[in-house]
Amino acid sequence: VRLLESGGGLVQPGGSLRLSCAASGFTFSNYHMSWYRQAPGKERELVATSPGVGGNTNYADSVKGRFTISRDNAKSTVYLQMNSLKPEDTAVYYCNTLGIYWGQGTQVTVSS
């Protein structure tokens, strides 16, 4: 299993970014895909989950209405569209599947 995140960067408050996670090594369409984040000095937290077969999309309360998770099963890629970004969204964002496989992370910094 391999997960490769991209799309992070520096953005001003109120701006937008779209993260991508390209997956390989498993049947992507069958499995939940999740985005987590970890800010300096804090524990890693779940941001959003996209179901594989069945289930509902879920979001952390802190990102509801601002972030959208989506997936392209033909490309084995999951996305995280982040709008109205706040400084408190600054973190390393990780892609996860099966609860045990992680990407290397991509840094998101929200600052003026």
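Provided above is the structure to which this section pertains.
As a starting point, this report considers the structure included with it. Just so it is clear, the model here is predicted, and its values are computed rather than measured.

Thresholds, definitions, all that
- Residues numbered from 1 in each chain as written.
- Predicted model: local features only at pLDDT ≥ 70, side-chain atom pairs only at ≥ 80, totals over all residues.
- Heavy atoms only, no water.
- Disulfide = S-S within 2.5 Å.
- Helix = DSSP H or I, 4+ residues; strand = E, 2+ residues; numbered from the N terminus.
- Buried < 20%, exposed > 50% of the residue type's maximum accessible area, 1.4 Å probe, protein only.
- Polar contact = N/O pair within 3.5 Å; in protein donor to acceptor, adjacent residues only side chain to side chain.
- Pairing = 2+ DSSP bridges.
- Axes fitted to C-alpha atoms, helices over the stretch in contact; angles between N-to-C directions.
- Salt bridge = Lys/Arg side-chain N within 4 Å of Asp/Glu carboxyl O.

### Side note on the state of the cysteines
Counted according to the given criterion, the structure contains 1 disulfide. Residue pairing for Cys21: its cysteine sulfur links by disulfide to Cys95, the two sulfurs lying 2.1 Å apart. Given an S-S torsion of about -85°, the disulfide between Cys21 and Cys95 has left-handed geometry. Linking Cys21 in strand S3 (residues 17-24) with Cys95 in strand S9 (residues 91-97), this pair joins segments that are 74 residues apart in sequence. Each member of the pair Cys21 and Cys95 is classed as buried.

### Some words on the side chain of Ser34
If you trace the backbone, Ser34 turns up in strand S4 (residues 33-38). Here Ser34 falls in the buried class, since its relative accessible area comes to 8%. Reaching out from Ser34, the side chain makes a polar contact with the side chain of Thr49 at a distance of 2.9 Å.

### Notes on the sheet that holds strand S8 (residues 77-82)
Either a parallel or an antiparallel arrangement is found when strands of a sheet pair, and the pairing is made through backbone hydrogen bonds. An order of S1-S3-S8-S7 is seen for the 4 strands of this open sheet, with the pairing classed as antiparallel. Taken across any chain shown, the strands that pair with only one partner, and hence form the sheet edges, are strand S1 (2-6) and strand S7 (67-72). Neighbour-to-neighbour, the strand axes of this sheet turn through a mean angle of 15°, independent of strand direction. Pairing between S7 and S8: 6 bridges, direction antiparallel. Within S8, the residue paired with Phe67 across the bridge is Met82.

### Brief notes about the pattern of salt bridges
Opposite charge on two side chains lets them pair, provided their charged atoms get close. Per the stated rule, a full pass over the model turns up 4 salt bridges. A salt bridge links Glu45 to Arg37; the shortest N-O distance between them is 2.6 Å. A relative accessible area of 5% means that Arg37 is categorised as buried. A salt bridge links Lys64 to Asp61; its shortest N-O distance comes to 3.1 Å. Judged by relative accessible area, which is 66%, Asp61 ranks as exposed.

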